[in-house]
Amino acid sequence: MGRAGRRLPAVAAAVFYGALAALVLLGVRDVLFLYEENRCSMTYMYEYPEYLKIKLPKKTARRYPVYELYLYGEGNYAEENKNLLLTGIPVLFLPGNAGSYKQVRSLGSIALRKAEDVDFKYHFDFFSVNFNEELVALYGGSLQRQTKFVHECIKVILKLYRDREFAPTSVAIVGHSMGGLVARALLTLKNFNPELINLLITQATPHVAPVMPLDKYLTDFYTAVNNHWILKAQDLRNLTTLSVAGGFRDYQVRSGLAFLPRLSQHDSALSVVSSAVPRAWASTDHLSIVWCKELILATIRAFFDLIDENTRQITDDPKKRMSVLNHHFVRHPAKIFEENPEAFTELTGAFMWITVKASKWTYSFYNDSDGKYFIFPLASHRKSYSHVYCENSMLDTSSWIYGCMNSNSSMCLEATDLSWRAELLPTTKVVILKLQDYPSLSHIVIQVPPTVGKKYTLDCEFFQEDSRTVQLPVTHLFSFGLSSSKILLNSTGLLYNVQLQHFNQIYQAFKIYIESHCQSLKERKPSVYRLHIPWSHEDSITVAKVPSFTEISAKLHTAQPQNDNRVPELNIYSSSDCQYEVILKTSLLQILGQIIRFHAGALPVYVVSNILLTYGGQLSTLISTGQCSDFSLELVRTAKPYKVEPLISIVVFLQGFHWFRVIWESLSLPEVDAAVLSSQDAWFPLVSLILFLFGTGIAYWSGVFFSTSLRLFSSLWLTLIRPTVLHKDNKVITPRRLCGVLSLALLSWTTCGAFAVFIIYLQYLFKVIKLHVNVRVEQNMLKGDSDRSKETSRNSSIHTVKNESSMDSTSKATQSPSNSTTIAEAVNSLKMHITILNLFTWIVLLNLPSLIYWLKNLRYNVRLDPDPCRSTAIILVCILEILMNSSTSEVKSSKLLKIAAKVPLPLSVAMLAFGGMHLYKVPHFVTFSLLLHVLCCIV
């Protein structure tokens with residue numbers, strides 16, 4: 001019963017932490033696998049792509065031997081430009097993390113086809129930088145070097161156009177991923193002239209913060225860039241910046257990180273999600289954003305619309321640049337861009353004029369050889385209706401709707417073109433006009449041109465805004481999908497706006513089900529459902545057949561800003577005579593996905609914090625009982641959120657007061673990460689508690705996995721190698737070990753700190769496996785001696801035992817307690833070593849990116865410079881060389897053990913407070929705790 005009673009809590013803990021780990025896996029699954037299908041088309045080259053290497057000045061080539069500059073070309077264009085007699089408009093492409101310079105081919109090829117369409121009146125020359133596919137998202141030491149090289153490339157590119165008739169004075173830049181950040185960093189260089197860039201387009205670039213802040217160089221680079229753009233915003237008004245995010249398909253860089261800072265004085269920056277880009281309406285993953293045909297077409301169309309006919313270069317007018325980008329990336333009116341469209345026009349042509357007095361009107365035309373003007377008098381509708389809505393299934397770029405300024409009884413003599421107020425949707429173009437905004441208009445005129453071969457439909461209706469706006473409160477976060485909100489739209493209207501009340505936070509996630517029913521079975525145009533987020537350009541559009549049952553995911557990339565009272569809407573562009581039922585439910589799986597999407601980068605901090613608390617608990621039990629407790633049991637007992645979370649919450653709360661911030665800053669303490677995330681609207685109630693519990697679950701099962709792996713390795717060892725006898729080494733430091741420490745310290749200093757850390761980790765792992773093998777062997781031997789002793793005692797009660805035998809069994813009896821004590825100490829040491837090795841495993845994982853970067857660039861440079869973990873590595877090598885040869889018997893008698901047992905708790909609090917956005921700080925906290933352990937072995 002006692003053993004069964006002890007097993008129940010262990011089983012309950014395993015089930016509980018298994019459930020937590022399962023929730024983490026469900027969130028990861030939602031982020032990595034449960035997103036919309038890829039709706040992007042592949043971009044193809046019509047001719048073989050060629051990359052012409054540009055010769056760099058010798059000084060630049062010597063300073064940056066790894067980097068190169070290329071010019072993209074195809075077919076005749078590539079042949080003509082081999083002499084570099086360039087006459088086009090220069091565009092520089094910057095690849096991102098591990099990106100290739102060849103990724104420019106989609107932009108270059110589409111631009112070449114577009115230039116052929118205009119007989120090369122204008123064309124673009126696409127250059128691309130080869131960054132040697134460096135892992136700059138994981139190692140920030142080369143970002144400054146890349147930035148300076150790009151500056152040199154811009155100067156080289158502009159020199160190629162010297163003495164040309166229309167020589168450019170600036171370069172447009174397209175940056176993918178971290179390439180976009182490098183482009184922004186150009187403005188921070190002291191000797192950089194901001195007029196060298198007038199247009200910057202970034203694709204899936206994490207502008208706000210690094211995805212994984214793994215080293216100080218990375219976070220410092222971000223701080224320098226973002227601070228410069230905030231402080232010097234007034235000086236950047238001549239630079240137009242567009243940031244395109246990939247949406248939910250991009251699980252590497254969440255779209256919230258790709259949004260440029262909101263600055264009231266900096267009105268030349270635009271951030272959009274690809275799912276909201278007109279004529280694309282598709283989410284892209286991190287790589288497909290560079291070849292998604294729909295997005296590339298929008299980009300190239302924008303480039304050609306940006307050309308100034310006088311200079312034959314990209315226009316110097318910032319307002320025109322923003323107008324073009326808004327036209328192609330925010331709201332497309334289904335018209336070719338015009339900088340100054342005519343305010344008034346005369347409606348000419350031998351068209352028939354037809355007056356329509358009805359409030360709702362539909363017209364279908366097919367093979368109509370005669371053009372028509374349908375004229376809607378507004379005087380009779382202004383009192384009853386507030387808006388007029390029209391939609392047109394003819395998706396050409398001609399004007400189709402006008403506002404009549406001057407008319408006689410049956411014709412409009414002068415009109416303003418309202419087609420610029422229209423908006424393009426996947427299957428139709430629509431326009432919504434508020435009648436109050438057009439008091440001078442007497443009529444609305446719809447133009448129907450002659451058509452041949454295809455059927456088109458026009459619909460118009462006047463309506464009162466209140467009758468088409470429905471409020472739908474979203475379900476509570478903790479309803480877990482068990483309850484729902486429903487509305488039934490019975491009207492015969494063409495447009496409904498369903499306002500999603502209280503939907504404004506990133507942790508909210510819902511499933512919206514829309515079921516359409518129609519009175520007749522006739523063929524109908526598809527319905528369009530748009531989830532409109534008013535405070536950012538992150539809309540998503542779904543096209544559904546009618547009748548149908550459609551499922552839409554509703555979640556946010558950015559939270560609602562303060563002082564913004566606008567409400568997200570579900571716009572339903574419906575079919576007439578159809579009924580729509582809208583059902584909204586909370587989605588637990590997508591909530592977990594949002595937590596992982598926004599905070600997965602901080603999970604290692606919470607895992608290490610839990611292991612550190614467990615480590616401190618093991619030291620405490622060593623003091624109180626003289627025995628080291630098992631990792632899993634100590635984790636259950638010690639790793640409690642109430643030990644760390646309240647203090648952090650209190651600090652974050654107090655930082656809302658000015659007096660506390662003054663005291664905090666006077667102590668030179670950094671800002672708490674939770675406060676920074678809260679200011680970015682990326683922090684929400686209970687998230688830290690949830691992450692701590694997730695970290696506990698991961699720590700528990702990583703401990704189980706670690707122990708199981710050690711057991712398997714030790715079993716393999718026993719089958720292959722004859723085990724040695726367990727013996728105690730009284731010397732912690734020997735000349736041989738000192739030489740090993742000096743060798744690894746020298747290796748760390750001359751090559752890569754992470755490499756030295758990895759070697760000492762493997763050495764420590766080998767020692768622990770060896771100790772595990774010896775403990776198992778000694779335990780088996782002790783068990784065998786115990787069994788023989790019992791058998792001997794039974795035989796002695798029946799047979800006469802000789803004097804020598806009795807003396808021998810007496811000596812064995814005296815040796816047995818000694819052996820059992822030695823084994824018990826070895827078991828305690830093994831448990832402690834397993835926990836330390838578990839901690840050290842996470843340090844190795846956090847330092848692994850710089851090791852991979854070093855190995856990848858080893859053929860160019862033996863020494864990693866700068867090295868983010870060189871000094872830490874030297875300290876860790878010294879610490880672990882001592883720890884791997886220590887035992888708990890040495891620690892028990894230390895005077896510092898009580899301090900060492902209490903320190904992990906404040907270190908865990910500090911780690912959670914300052915390590916979530918600075919992962920590189922985690923090894924420092926662990927190193928300090930292990931340093932005290934080393935002192936316990938010595939003092």
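Residues numbered from 1 in each chain as written. Predicted model: local features only at pLDDT ≥ 70, side-chain atom pairs only at ≥ 80, totals over all residues. Heavy atoms only, no water.

**Q** Account for the state of the cysteines, with residues named and values stated.
**A** Per the stated rule, a full pass over the model turns up four disulfides. Across the disulfide from Cys40 sits Cys292; the S-S distance is 2.1 Å. As the torsion about the S-S bond is roughly -80°, the Cys40-Cys292 disulfide counts as left-handed. With a gap of 252 residues between them, Cys40 in the loop between helix H1 (2-32) and strand E1 (49-53) and Cys292 in the loop between strand E8 (269-273) and helix H8 (293-305) connect regions that are remote in the sequence. Take Cys40: its relative accessible area is 12%, and that puts it in the buried class. Residue classification places Cys292 among the buried residues on the basis of a relative accessible area of 0%. (Disulfide = S-S within 2.5 Å. Helix = DSSP H or I, 4+ residues; strand = E, 2+ residues; numbered from the N terminus. Buried < 20%, exposed > 50% of the residue type's maximum accessible area, 1.4 Å probe, protein only.)

**Q** Report on the pattern of salt bridges, specifying residues and quantitative values.
**A** Taken as a whole and assessed by the stated rule, the structure comprises 21 salt bridges. Between Arg39 and Glu36 there is a salt bridge, and its shortest N-O distance comes to 3.1 Å. On the basis of relative accessibility, which here comes to 35%, the residue Arg39 falls in the partly exposed class. Linking Lys216 and Asp220 is a salt bridge whose minimum nitrogen-to-oxygen distance equals 2.8 Å. Of the two residues, Lys216 and Asp220 both sit in helix H7 (residues 216-231), four residues apart, roughly one turn of that helix. (Salt bridge = Lys/Arg side-chain N within 4 Å of Asp/Glu carboxyl O.)

**Q** Account for the pairing of strand E6 (residues 197-203), with residues named and values stated.
**A** The side chains of a regular strand alternate, residue by residue, between the two faces of the sheet. A large share of E6 lies buried, amounting to seven of its seven residues. In this sheet, E6 lies alongside strand E5 (residues 171-176) in parallel orientation, the contact comprising six bridges. For His176, the partnering residue across the bridge sits in E6 and is Gln203. Traced from E5 through helix H6 (residues 178-185) to E6, the parallel crossover comes out right-handed. As paired elements, E6 and strand E7 (residues 240-245) share five bridges and run parallel to each other. Of the residues in E7, the one forming a bridge with Leu200 is Thr241. Between the parallel pair E6 and E7, the chain is carried across by H7, and the sense of this crossover is right-handed. (Pairing = 2+ DSSP bridges. Right-handed = clockwise from strand over helix to strand, strands pointing away.)

**Q** Mind laying out the confidence of the model for the protein, listing which residues take part and the relevant values?
**A** Interpreting fine coordinate detail is not advised for predicted regions of low pLDDT. Scored by pLDDT, the protein has a mean of 88; 93% of the residues are at 70 or more. Averaged pLDDT values for the elements of the protein fall to 76 in helix H20 (residues 803-856) and rise to 97 in E5. Confidence drops under pLDDT 50 across residues 1-6; counting only partners more than four residues distant or on other chains, this segment forms zero contacts. Counting interchain partners and residues more than four positions distant, the pLDDT-below-50 stretch residues 800-815 has two contacts. (pLDDT = per-residue confidence, 0-100. Contact = heavy atoms within 4.5 Å.)

**Q** How would you sum up empty space enclosed by the protein? Please name residues and give values.
**A** Applying the stated criterion across every chain yields a total of seven cavities of 30 Å³ or more. The volume enclosed by the largest cavity comes to roughly 110 Å³. Contributing elements (two or more residues each) for the lining of the largest cavity: H20 and helix H25 (922-938). Counting residues per element, the lining of the largest cavity draws most heavily on H20, which supplies four residues. Classifying every residue of the lining of the largest cavity gives eight nonpolar, four polar and one charged. There is about 80 Å³ of room inside the second largest cavity. Taken together, Tyr72, Tyr77, Gly108, Ala111, Leu112, Ala115, His123, Phe124, Asp125 and Phe126 make up the full set of residues lining the second largest cavity. Only helix H4 (105-117) and strand E4 (124-130) provide two or more residues apiece to the lining of the second largest cavity. (1 Å grid on protein atoms, 1.4 Å probe; cavity = no way out; pocket = protein on both sides within 12 Å on 5 of 7 lines; lining within 4 Å. Points joined across faces, edges and corners; volume = space filled by probe spheres on them. Nonpolar A, V, L, I, M, F, W, Y, C, P; charged D, E, K, R; others polar.)

**Q** Residue-level account of the packing of aromatic side chains, with values.
**A** Going through the model one piece at a time under the given rule, you end up with 37 aromatic pairs. Aromatic pair Phe16 and Tyr17: ring centres 5.2 Å apart, planes at 65°, arrangement edge-to-face. Residue classification places Phe16 among the partly exposed residues on the basis of a relative accessible area of 44%. One aromatic cluster in this structure is built from Trp361, Tyr363, Phe365, Phe374, Phe376 and Tyr456. Of note, Lys555 hangs over the ring of Phe248, and the distance from its end group to the ring centre comes to 4.8 Å. (Phe/Tyr/Trp six-rings, centres within 6.5 Å; stacked < 30°, edge-to-face > 60°. Lys NZ or Arg CZ within 6 Å of the ring centre and 35° of its normal.)

**Q** Pulling in residues and values, what's your account of the sheet that holds strand E23 (residues 495-501)?
**A** Spatially, the five strands line up as an open sheet ordered E21-E23-E28-E25-E26, and their pairing is mixed. Because the sheet does not close on itself, it has two edges, and the strands there are strand E21 (469-473) and strand E26 (540-544). Put simply, the sheet's adjacent strands are angled 20° from each other on average, direction ignored. Direction of pairing for strand E25 (residues 527-532) relative to strand E28 (residues 569-573): antiparallel, over a ladder of five bridges. Looking across to E28, one finds that Leu531 is bridged to Leu570. (Axes fitted to C-alpha atoms, helices over the stretch in contact; angles between N-to-C directions.)

**Q** Hey, could you go over the layout of surface pockets for me, with residue numbers and the actual values?
**A** Each pocket or cavity is described by its volume, and for the second largest pocket that value is around 1200 Å³. Along its surface, the second largest pocket is lined by 49 residues, and Arg331, Arg421, Ala422, Glu423 and Ile432 are the ones closest to its centre. Secondary structure elements with two or more residues in the lining of the second largest pocket: helix H9 (318-329), strand E16 (412-417), strand E17 (423-424), strand E18 (429-434), helix H10 (465-468), E23, E25 and E28. Counting residues per element, the lining of the second largest pocket draws most heavily on H9, at five residues. Counted by class, the lining of the second largest pocket contains 23 nonpolar, twelve polar and 14 charged residues.

**Q** Can you lay out the nonpolar core for me, pointing to particular residues and giving the numbers?
**A** Residues Tyr764, Phe840 and Leu883 are the most contacted members of the largest nonpolar core, which totals 108 residues. The dominant element in this core, judged by the number of residues it contributes, is H20, at 14 residues. If sequence neighbours within four positions are ignored, Tyr764 has contacts with His833, Ile836, Leu837, Phe840, Leu880, Leu883 and Met884. (Core = buried A, V, L, I, M, F, W, Y, C linked by side-chain atoms within 4.5 Å.)

**Q** I'd love a proper account of the sheet that holds E17, names of residues and values included.
**A** Read across the open sheet, the five strands follow the order E12-E20-E14-E18-E17; overall the sheet is antiparallel. Two strands lie at the open edges of the sheet, namely strand E12 (360-365) and E17, each paired on one side alone.

**Q** Explain the environment of Leu196 to me, and be specific about the residues and the numbers.
**A** Relative to the assigned elements, Leu196 resides in the loop between H6 and E6. Linking Leu196 and Leu186, residues ten residues apart in sequence, is a C-alpha distance of 9.9 Å. Once residues lying within four places of it in the same chain are set aside, the contact partners of Leu196 are His151, Ile154, Leu158, Thr169, Ser170 and Val171.

**Q** Give a detailed account of the packing of helix H13 (residues 631-638) against helix H17 (residues 687-720), specifying residues and quantitative values.
**A** Where H13 contacts H17, the axes come no closer than 9 Å and their chain directions differ by 165°. Viewed along their axes, H13 and H17 adopt a mutual orientation that is roughly antiparallel. Considering only the axes of H13 and H17, their crossing is right-handed. Contacts between H13 and H17 pair Phe631, Ser632, Leu635 and Val636 from the former with Thr696, Ala699, Tyr700, Gly703 and Val704 from the latter. For the contact of H13 with H17, the per-class residue count stands at six nonpolar, three polar and no charged. (Parallel < 35°, antiparallel > 145°, perpendicular 65-115°, else oblique. Left-handed = near helix turned anticlockwise from the far one by under 90°.)

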